[in-house]
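# Reading the structure
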Amino acid sequence: MTKFLVLILYFCVMLFACAEVEPSSSDELRIVSLSPGITATIVDLGYADVVIGRSSFCNAVDKQVPVVGDLYTVDYERLLRLSPSDVLVQVTINGMDKHLQELAEEGLFELHTFRVDRLTDIQQMHDDILELLSEDAREMQVILDMVALPSSILMMTAGSEGAAGLCFGRETYLDDLLLMMGGTNALQKSGWVSLSLEDIGRLNPAIIIVVSDSFISEKALTVIKSLGIEIIPFTHEDVLIPSSRIVDVAKKLQEALQQR
């Protein structure tokens with residue numbers, strides 16, 4: 001009987017101990033980021049440790065951080081199991097995920113949404129995230145010098161399988177950088193535009209800047225080179241991710257254009 005009572009007492013103590021080590025303050029930041037640009041910005045600000053969930057494209061944080069979705073699909077069950085304090089997401093052309101909004105309205109987490117199409121959007125995202133993470137108020141600034149550039153420049157991603165890449169039109173962050181350096185975008189349409197080789201030929205830009213986040217092979221440039229237009233390959237691991245790292249992208253792009 002005595003042994004039985006001791007076992008009961010031990011069991012009760014263990015239950016109490018387990019209850020004592022369970023979560024945490026309601027003020028503790030537990031962030032799920034569903035955008036690689038947002039995640040990279042959080043990491044650059046020095047707060048990688050608060051990211052408890054990510055998208056499969058968020059390579060700036062440890063791969064052990066659970067994947068809970070991306071801009072278009074979310075594993076809501078996994079998301080809720082993580083008990084985030086805040087969910088940060090990029091707004092797409094299709095608008096916001098309605099179920100995420102509903103969960104936020106139920107008080108399960110704070111939902112923060114960001115547009116990151118323009119340079120000013122990226123700067124605002126940086127400043128808003130910093131305000132969420134810290135009392136340290138500082139603005140993200142991109143400072144560029146004017147570069148001697150020809151009248152019209154087309155910026156596009158590297159093509160594949162004999163096709164031209166996707167072009168950066170007006171009101172995109174790379175267009176903003178080009179304008180800051182004194183250049184003019186040959187493509188007057190807004191947003192990201194898919195052009196055929198014939199379309200590019202009709203635009204007849206003085207220079208084509210081919211951007212990529214990895215090595216650009218000669219094969220990838222073969223189709224564009226057939227137009228006989230000067231090509232500047234530009235590689236930067238963060239050029240296709242709108243984040244606070246745009247500051248370094250801008251600096252390196254300016255150097256590439258100055259050296260042409």
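Just so it is clear, the structure is predicted and the values come from calculations on it, not from any experiment.

Time to look at the side chain of Thr172. Mapped onto the secondary structure, Thr172 falls in the loop between β6 (166–168) and α6 (173–180). Residue Thr172 is classed as buried on the basis of its relative accessible area of 0%. Discounting chain neighbours no more than four positions away, the residues touching Thr172 are Asp117, Arg118, Gly191 and Trp192.

Read across the sheet, four strands follow the order β2-β1-β3-β4 without closing on themselves; strand pairing throughout is parallel. Looking at strand neighbours, the two that pair on one side only are β2 (51–53) and β4 (110–114), the edges of this open sheet. When strand polarity is set aside, the average angle formed by the axes of neighbouring strands in this sheet is 35 degrees. Where strand β3 (residues 86–90) and β4 come together, five bridges link them in parallel fashion. Note on β4: the bridge partner recorded for Val89 is Thr113. Each of β1 (31–33), β3 and β4 touches helix α5 (residues 119–133); the most contacted strand, β4, lies at about 160 degrees to it.

Here the focus is the packing of aromatic side chains. For the structure shown, the criterion picks out three aromatic pairs. Where Phe168 meets Tyr173, the ring centres are 6.1 Å apart and the plane angle is 75 degrees; that geometry is what we call edge-to-face. Among the residues examined, Tyr173 registers a relative accessible area of 2% and is labelled buried. Both rings, one in Phe168 and one in Trp192, keep their centres 6.1 Å apart while their planes meet at 65 degrees; by these two values the pair is edge-to-face. Of this pair, Phe168 sits in strand β6 while Trp192 sits in strand β7 (residues 192–194), placing them 24 residues apart in sequence. Taken together, Phe168, Tyr173 and Trp192 form an aromatic cluster joined through their ring pairs.

Moving on, we come to the nonpolar core. Across soluble globular proteins, nonpolar side chains have a tendency to be buried as a group. Residues Ile42, Ile129, Ile209 and Ile246 are the most contacted members of the largest nonpolar core, which totals 42 residues. If you list the elements that add at least two residues to this core, you get α2 (36–44), α5, β5 (153–157), α6, β8 (207–212), β9 (230–235) and α9 (246–258). Broken down by element, the residue count for this core peaks at six residues, all from α5.

A positive phi is found at Ser83, a non-glycine position, where the angle reads about 50 degrees. By the secondary structure assignment, Ser83 is in the loop between α3 (76–81) and β3. By relative accessible area, Ser83 is classed as partly exposed at 46%.

Cut-offs and rules
Residues numbered from 1 in each chain as written. Predicted model: local features only at pLDDT ≥ 70, side-chain atom pairs only at ≥ 80, totals over all residues. Heavy atoms only, no water. Helix = DSSP H or I, 4+ residues; strand = E, 2+ residues; numbered from the N terminus. Buried < 20%, exposed > 50% of the residue type's maximum accessible area, 1.4 Å probe, protein only. Contact = heavy atoms within 4.5 Å. Pairing = 2+ DSSP bridges. Axes fitted to C-alpha atoms, helices over the stretch in contact; angles between N-to-C directions. Phe/Tyr/Trp six-rings, centres within 6.5 Å; stacked < 30°, edge-to-face > 60°. Core = buried A, V, L, I, M, F, W, Y, C linked by side-chain atoms within 4.5 Å.

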